[in-house]
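# Examination of the molecular architecture
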Amino acid sequence: MTQKLVIIGAGMASGRLLEELFELAPDAYDVTLFGAEPRGNYNRIMLSPVLAGEKCYDDIVTHDADWYREHGVTCRFGEAVDKIDRAQKLVITANGATSYDKLVIATGSASFLIPVAGNDLPGVVGFRDLDDVTAMLQAAQAPAGKAVVIGGGLLGLEAAAALNEQGMDVTVLHLMGHLMDRQLDPAAGYLLQQELQRRGIKVNCKAHTKAILGKDQVDAVLMEDGTVHGADLVVMAAGIRPEVRLANDAGLHVERGIVVDDTLLTSDPDVFAVGECVEHDRTVYGLVAPLFDMAKVLAQTLIGQPAGFVAPAVSTKLKVTGVDLFSVGDFAEGPEREEIVFRDPGRGIYKRIILRDNRIIGTVMYGDTADSSWLFAKLKSGEDISDIRDTLIFGPAFPAGAPTDPLATIAALPDDAEICGCNGICKGAIVTAIGKGATDLAALKATTKASASCGSCTGLVEQVLASTLGDTFVIPAAQPICGCTDMTHEDLRRMIKSQSLKTMPAVMQECGWKTSCGCHTCRPALNYYLLAEWPLDYADDAQSRFVNERNHANIQKDGTYSVLPRMWGGMTTPDELRAIADAADKYDVPAVKVTGGQRIDLLGVKKQDLPHMWADLNEAGMVSGHAYSKGLRTVKTCVGTDFCRFGTQDSTGLGIKLEKLLWGSWTPHKVKLAVSGCPRNCAEATCKDVGIICVDSGFEISVGGAAGMELKETEALAKVATEQEAIELTVAFIQLYREHARYLDRAYKWVAKVGLDWVKERVVEDLAERAALCERFELSQSVYRKDPWAEQATPAFQRDKWSALADLTLEAAE
Amino acid sequence: MRNWIDIAGLNDIPKRGARVVKTTLGCVAIFRTDDDKVYAIDDTCPHKKGPLSEGIVHGASVTCPLHNWVFDLETGMAQGEDVGQVATFDTQVLNGRILLEASRLAARSAA
């Protein structure tokens, strides 16, 4: 008698299983197929085109009623299986029991519903089957409908692009830092985000959903940060969960999925499982290629042929019309791994190949995936690519290696890209001038004024010359920031501003970085430039900061830290001194020192004590002195008119006002100020970045001093009559320094490069510019004028940052 | 014998960051790279004992915060002109948990 094979689930895995089985042995089994959906097997991968309106349901049916009839399959569609009785070998539905000799569970997976309030409201849908698609299409009928897609992975983005095609206003919320983080690296994720945004889709990364709001129907999504996104439709695409309820209830071995061996056998010798509900070798699969491999193996197993499932290399492609994207294998960085990176900022292309032992182990491509199958084949074969290594990234069509063009970045810039910020000269104007015969830097300066002011765009102007004139112009060698890029600091600052680059991946892509995540030289510089240019848009990246700025304390040679609370203008009180003394006692501080900046340093503090000590000091009203930062350090003062018989103005008061205005700001290098109450200059103002000396008739402001490795006396900037003007000039000078100086140049170095006259023009003479500088400084301070200690001493930070991850000494001692 | 110890969740360490595990032989630094690879090496720089866990992580390397020596996280070798090496320990990430292979730590502490 023919054996009875019962299959639960009429999806793609079981569909392929039946095809394979009938191919090998058409009459081996009497097959009964249960499906919870009231229809047979269709190609679920093509649900996205259906949703986008590019295809209809009929186009994606893979097995119709005729096919099942032809192959003698008993179809029980629309009939959900309630339970499996393994002892009696029965499958139970509402209509009764069906017996089996062999059972295959192919229940697939369900959308993972993120556990927030409102996730069960009408209007919240997954994206797994045709019913979901129908519900989404219905929602898209409403005029000006808003859709929120939770999850920026493969599925979520396909849904988002399709709903956008249907005319909905779509917002994607993604928990991680970049889109498709499991398939793409940050650079490719950035390009993808750009493309989706260009189509009008809003993308929010690092988005934490707090709740879904609505009464009888969803109407908004609330984020942890309080943002509310209006929504008529919410698509849950935050992942899938193997559908294992039946297997669980039947007492089969289930972990994340139904556990199977290489032959797809479960813990019951008559029960198999296949598809997304399966866990094989601790891995659960969600892409179709491995499921088809499983189906083939299971068909062979069912007719007694030896076969084993081997986890394949899986490649990913996003099915969004017009987006070329490909990822396969292991694209993480690692030692003994080498990477080849190719970026073409002009065409928005990014390619990265990861090699180990001269073999390809992973590839990410965006913008041009023409060579993906060629590379995928090389990855699967594991062939040694040493011979073609130099040209590998250019694909099979490339006969001989051509070096990447360092001028590609500049060549790609549009004509309206501003090259010279001082004089507002765009690339187009420079190219035009070159066409009219200005073929060297001096001629260009004379005819366009490009790079004729501060000179920091000189490198870029030269590159425009080179890309326009070709070989006839030789660029004088300029020092790039580091080995990751050909750009100089000045080039980079200009690109960030003129091209509105607001994230690190954006900069690295558009400026042709040669590494995937920079190095210890370029990352801190980049982080500073981005936060200085886009204070409201860019989020400071702690991991790109030097230890002192990340830990808000100065690391000492033995790995301990120093803690230095702010004393405004060098003034303190008995209460503050007591709090400092108490902290020194309580945390066993080995050394207490009075600094040159008129405050008190507690040296030798253990890392784990930092947040507690800060909390104590905060309690006494004190905040971080930023003695560790490339930012405002101190404003040193003398006692001025309050006590001194020579004092001419309230120098202490002015110092405190300045410090309260400037503290917390990040600058290219450290910034120190001093205010002396009379020309005797007790506060030593003439060796500071900004020094103010009070005289009877007003305030003498000088800048660009230093008393470090080099001793520099300040140079006079201006003399003003009122305290208010002195404050404005100081702020404007510091903002100009913040906007133009190269990272790690002290103010005196920067002033020497741009010239004091150039600075005076902007800060002293041009009143509108002075006001604009002050305004931009204040905008930045609205974000950064805050005490980092208070934040870092919170319980969350204490748990996540300051303590050891684990303590294995306790275990060893037992 | 391999001795895998579950020390923390992957998300307890920031990307391009590190945290330490205390052992009887001093701290071991556990690194997480930008693309979620996890490495464990001795926390102490052989040059002047800088805490490597406080360095800037780039690619699969870390730069010591005291004097900018750069170490390869997989081999523990100093890069460039500098000569030196730190001990490395095997790690794996399983279901979002970081496992540290601690048999050598145990062996060294028993000795």
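Named according to an unreviewed UniProt entry, chain B is Nitrite reductase (NAD(P)H) small subunit originating from Parasedimentitalea denitrificans.

The name an unreviewed UniProt entry assigns to chain A is Nitrite reductase large subunit, from the organism Parasedimentitalea denitrificans. UniProt's Sequence similarities (unreviewed entry) comment on chain A is quoted here verbatim: "Belongs to the nitrite and sulfite reductase 4Fe-4S domain family." Under Pathway (unreviewed entry), UniProt gives the following word-for-word description of chain A: "Nitrogen metabolism; nitrate reduction (assimilation)."

Position of Arg762 of chain A among the secondary structure elements: in helix H24 (residues 756-765). Each residue touching Arg762 of chain A, except ones within four places of it in the same chain, is listed here: Cys422, Ser453, Leu736, Glu769, Arg770 and Leu773 of chain A.

This brings us to the packing of aromatic side chains. Residue and element names in this part refer to chain A. Scanning the model with the defined rule gives 15 aromatic pairs over all chains in all. A ring pair is formed by Tyr737 and Trp750, whose centres lie 5.6 Å apart and whose planes are at 50°; its orientation type is tilted. Of this pair, Tyr737 sits in helix H22 (residues 723-740) while Trp750 sits in helix H23 (residues 747-754), and the two are 13 residues apart along the sequence. When its relative accessible area of 1% is taken as the criterion, Tyr737 is described as buried. Members of the aromatic cluster, each reached through a chain of ring pairs, are Phe22, Trp67, Tyr68 and Phe77. One residue, Lys380, lies across the ring of Phe376, its end atom 4.2 Å from the ring centre. A cation over an aromatic ring shows up here: Lys660 above the ring of Trp568, its NZ or CZ 4.7 Å from the ring centre.

Under the UniProt annotation, the feature "domain: Rieske" (unreviewed entry) is placed at residues 5-100 of chain B. Here residues 5-100 of chain B is 0% helix and 45% strand, with 5 Å between the C-alpha atoms at its ends.

Before going further, it helps to examine the nonpolar core. Residue and element names in this part refer to chain A. If you look at the biggest cluster of nonpolar residues, it comprises 96 residues, and the most contacted ones within it are Leu163 and Leu192. Filtering out sequence-adjacent residues up to four positions away, Leu163 remains in contact with Leu51, Met136, Ala147, Val149, Met168, Val170, Leu233 and Val235. Core analysis: the next-biggest nonpolar cluster, separate from the first, contains 49 residues, Leu18, Tyr68, Tyr100 and Val271 among them.

Our focus in this paragraph is the domain arrangement of chain A. Residue and element names in this part refer to chain A. Along its sequence, chain A is organised into domain 1 (3-110 + 242-302), domain 2 (113-238), domain 3 (324-394), domain 4 (408-540), domain 5 (548-628) and domain 6 (632-784). The C-alpha centroid of domain 4 is placed 28 Å from the C-alpha centroid of domain 3. For the pair domain 3 and domain 4, the number of links is 6 residue pairs in polar contact (both at pLDDT 80 or more). Counting only elements with at least two residues in the side of domain 3 that touches domain 4, the list comes to strand E24 (337-344) and strand E25 (349-356). Broken down by element, the side of domain 3 that touches domain 4 gets its largest block of residues, 4 residues, from E24. Residue composition of the side of domain 3 that touches domain 4, by class: 4 nonpolar, 2 polar and 5 charged.

Our next topic: the interface of chain A and chain B. Of the residues lining the interface, 45 residues belong to chain A; the matching set on chain B comes to 43 residues. Carbon and sulfur atoms make up 58% of the surface buried where chain A meets chain B, a total of about 3300 Å² over both sides. On inspection of chain A and its partner chain B, the count reaches 4 salt bridges. The closest approach of N and O atoms between Arg550 of chain A and Glu54 of chain B, which form a salt bridge, is 3.5 Å. Counting across the chain A and chain B interface gives 13 residue pairs in polar contact (both at pLDDT 80 or more). Of all the secondary structure elements, the ones that give two or more residues to the side of chain A that touches chain B are helix H17 (522-533), helix H18 (547-551), helix H27 (795-802), strand E40 (806-807) and helix H28 (808-813) of chain A. Here the element with the most residues in the side of chain A that touches chain B is H28 of chain A; it accounts for 4 residues. For the side of chain A that touches chain B, a count of residues per class yields 17 nonpolar, 10 polar and 18 charged. Here E40 of chain A pairs with strand E2 (residues 17-23) of chain B via 2 bridges, running parallel. The partner of Ala806 of chain A across the bridge, within E2 of chain B, is Val21 of chain B.

Let's shift gears to the sheet that holds strand E31 (residues 591-594) of chain A. Residues and elements named next belong to chain A. Ordered by their spatial adjacency, 4 strands build an open sheet running E29-E30-E32-E31, and the pairing between neighbours is antiparallel. In the strand order of this sheet, the two ends are held by strand E29 (554-555) and E31, each with one partner. With 2 bridges joining them, E29 and strand E30 (residues 561-563) adopt antiparallel strand pairing. Considered in E30, the bridge of Asn554 is made with Ser562.

Moving on, we get to the pairing of strand E14 (residues 218-223) of chain A. Residues and elements named next belong to chain A. Sheet topology places strand E13 (residues 209-214) next to E14; 5 bridges connect them, and they run antiparallel. Bridge pairing in E14 places Leu213 opposite Ala220. In sequence, E13 turns back onto E14 through a hairpin of 3 residues. As judged from the 3 bridges shared by E14 and strand E15 (residues 228-230), these two strands associate in the antiparallel manner. From the neighbouring strand, Val221 faces E15, where its bridge partner is His229. Taking the residues that link successive antiparallel strands as the turn, the E14-E15 hairpin has 4 residues, and the phi of Gly226 there is positive, at about 95°.

Next up on the list: the packing of H22 of chain A against helix H25 (residues 767-784) of chain A. Between two packed helices, the angle of one axis relative to the other and the distance separating the axes together describe the packing. All names here are of chain A. It is the contact of H22 with H25, at a shortest axis distance of 8 Å, that shows an interaxial angle of 70°. With respect to H25, the axis of H22 lies roughly perpendicular. Two secondary-structure elements touch here, H22 through Glu728, Leu729, Val731, Ala732, Ile734, Gln735, Leu736, Arg738 and Glu739 and H25 through Arg770, Leu773, Cys774, Arg776, Phe777 and Ser780. Among the residues making up the contact of H22 with H25, the classes are represented as 8 nonpolar, 2 polar and 5 charged.

Pairs can form between side chains of opposite charge once their charged atoms are near each other. A full pass over the atoms with the stated rule returns 45 salt bridges over all chains. What emerges from the salt-bridge pattern is a single network uniting Glu37, Arg39, Arg44 and Asp131 of chain A.

Locating Val50 of chain A in the fold gives a position in helix H2 (residues 47-52). When neighbours within four sequence positions are excluded, Val50 of chain A is seen to be in contact with Lys55, Cys56, Ile60, Val133 and Leu137 of chain A.

Rules of the game
- Residues numbered from 1 in each chain as written.
- Chains lettered and ligands numbered in written order.
- Predicted model: local features only at pLDDT ≥ 70, side-chain atom pairs only at ≥ 80, totals over all residues.
- Heavy atoms only, no water.
- UniProt positions renumbered as here; feature names shortened; annotations may be inferred.
- Helix = DSSP H or I, 4+ residues; strand = E, 2+ residues; numbered from the N terminus.
- Contact = heavy atoms within 4.5 Å.
- Phe/Tyr/Trp six-rings, centres within 6.5 Å; stacked < 30°, edge-to-face > 60°.
- Buried < 20%, exposed > 50% of the residue type's maximum accessible area, 1.4 Å probe, protein only.
- Lys NZ or Arg CZ within 6 Å of the ring centre and 35° of its normal.
- Core = buried A, V, L, I, M, F, W, Y, C linked by side-chain atoms within 4.5 Å.
- Domains from an automatic or database assignment.
- Polar contact = N/O pair within 3.5 Å; in protein donor to acceptor, adjacent residues only side chain to side chain.
- Nonpolar A, V, L, I, M, F, W, Y, C, P; charged D, E, K, R; others polar.
- Buried area = accessible area lost by both parts, 1.4 Å probe.
- Salt bridge = Lys/Arg side-chain N within 4 Å of Asp/Glu carboxyl O.
- Pairing = 2+ DSSP bridges.
- Axes fitted to C-alpha atoms, helices over the stretch in contact; angles between N-to-C directions.
- Parallel < 35°, antiparallel > 145°, perpendicular 65-115°, else oblique.

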